[in-house]
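Topology and contacts: notes
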Amino acid sequence: MRLLLLGCGYAGLALAREALDRGHRVAALTRNTVRLQELASLGVETVPGDLQATDWHARVPFEPEAIVNTVSSAGPGLEGYRTSYVEGQQSALAFASRIGGVRHFLYTSSTSVYPQGDGSVVTETSSTEGCGPSARILLEGERLVAESTVASHRSVLRLAGIYGPGRHHLLDQLRRGELTFAGGGDIWLNLIHRDDICSAVWSVLARAPEGFLLANACDGHPATKADVLSWLAARAGVGEPVFDRHLPPGPSARRTFGAGSVPHRRVSSEHLRAVTGWSPRHPTFREGYAGILA
């Protein structure tokens, strides 16, 4: 397969490695010069540029069969979100149209679009009313894909909280001796390991039906914040974590979820499993973090 990756951050780099291992021809767009060199050393055909621009269109070395957009925010504020997830999406879809379309266009969004705070189970049909300003921008990016005609297969994967090698901020906090956490320990966490993002992408590219697919991607086993942190603390050899409901959420959470507290919900991935047969390599946080701790 000829694959074009747009945005090669944490998950995108892992996806590029796996694509090469699978024998695919891979090109990748990124604005990060260090990442460009890393990708080139792996054998990826690199395309320097900003996704929201259009000058990169002429530099893609082949006509891809599939485009996977895993771009991250171009900046910390809402302007950065809009630049990447709306303007960048428009440019990506314009490129696909320019070459006469592709078989599959896949975009990785986020389960942060769900604002539910009652501990309920949410699926792809759950309401997104009341989500924060940056989540609304993500939904706009999703809509662009859903309404596009540039691919016979169009997919949006809403990713849960991402963790994996080199990305484990809860464990890092514990190791730094930071044992007090904002919010309650009974809040549900919904997670997905980096490698399971890759396997979900491959499952969708291989088995998604024609038309538009919207699916949550998470391990399907939500755990409370207290359970996750207590398990990690015991294995890291640090004290028991404590929770302070009076501590405000950080600026990233406020931007994503609005002025209220971080949502409290359990995300279902049953739709993705039913449609594609996908199952995560790390079925709970315990298996995922065990490899990291090792």
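What about helix H1 (residues 10-21)?
Its 12 residues give H1 an end-to-end C-alpha distance of 17 Å, which sits within 8% of 16 Å, the value for a rise of 1.5 Å per residue. Residues of H1 that are buried include every one of Ala11, Gly12, Leu13, Ala14, Leu15, Ala16, Glu18 and Ala19, and no others. Looking at the buried residues of H1, the elements they touch are strand S1 (2-6), strand S2 (25-30), helix H2 (33-42), strand S4 (66-69) and helix H6 (194-207). Looking one or two residues beyond H1, the residue adopting positive phi is Gly23, at roughly 90°.

Considering the layout of surface pockets
Considering only enclosed or pocket space, the second largest pocket measures out at about 180 Å³ in volume. Gly7, Cys8, Thr30, Arg31 and Ser72 are, among the 13 residues lining the second largest pocket, the residues nearest its centre.

Overview of the environment of Arg176
Counting through the fold element by element, Arg176 comes out in the loop between helix H5 (169-175) and strand S9 (180-182). Under the relative-accessibility criterion, Arg176 is labelled exposed at 55%. Here Glu178 takes part through its side chain, which lies 2.9 Å from a polar atom of the side chain of Arg176.

Describing the packing of aromatic side chains
If you walk through the whole model with that rule in mind, you get five aromatic pairs. Pairing Tyr81 with Tyr85 gives two aromatic rings, centres 5.3 Å apart and planes at 65°, and the pair type is edge-to-face. Placement of the pair is Tyr81 and Tyr85 together in helix H3 (residues 78-98), with a separation of four residues, close to one helical turn. Of the two residues, Tyr81 and Tyr85, both sit in the buried class.

Observations concerning H6
Taking 1.5 Å of rise per residue, 14 residues should cover 20 Å, and H6 covers 20 Å from first to last C-alpha, within 8% of that figure. Most of H6 sits out of view: 12 of its 14 residues are buried. Restricting attention to buried positions, one finds in H6 the residues Arg194, Asp195, Asp196, Ile197, Cys198, Ser199, Ala200, Val201, Trp202, Ser203, Val204 and Leu205.

Notes on the packing of H1 against H2
Two elements in contact, H1 and H2, have axes separated by 10 Å at closest approach and are oriented at 15°. Here H1 lies roughly parallel to H2, going by the angle between them. Crossing hand, H1 versus H2: right-handed. Residue-level inspection shows Tyr10, Leu13, Ala16, Arg17 and Leu20 of H1 in contact with H2, the latter providing Arg35, Glu38, Leu39 and Leu42. Its residues placed into classes, the contact of H1 with H2 shows six nonpolar, no polar and three charged.

Definitions and cut-offs
- Residues numbered from 1 in each chain as written.
- Predicted model: local features only at pLDDT ≥ 70, side-chain atom pairs only at ≥ 80, totals over all residues.
- Heavy atoms only, no water.
- Helix = DSSP H or I, 4+ residues; strand = E, 2+ residues; numbered from the N terminus.
- Expected span 1.5 Å × (residues − 1).
- Buried < 20%, exposed > 50% of the residue type's maximum accessible area, 1.4 Å probe, protein only.
- Contact = heavy atoms within 4.5 Å.
- 1 Å grid on protein atoms, 1.4 Å probe; cavity = no way out; pocket = protein on both sides within 12 Å on 5 of 7 lines; lining within 4 Å.
- Points joined across faces, edges and corners; volume = space filled by probe spheres on them.
- Polar contact = N/O pair within 3.5 Å; in protein donor to acceptor, adjacent residues only side chain to side chain.
- Phe/Tyr/Trp six-rings, centres within 6.5 Å; stacked < 30°, edge-to-face > 60°.
- Axes fitted to C-alpha atoms, helices over the stretch in contact; angles between N-to-C directions.
- Parallel < 35°, antiparallel > 145°, perpendicular 65-115°, else oblique.
- Left-handed = near helix turned anticlockwise from the far one by under 90°.
- Nonpolar A, V, L, I, M, F, W, Y, C, P; charged D, E, K, R; others polar.

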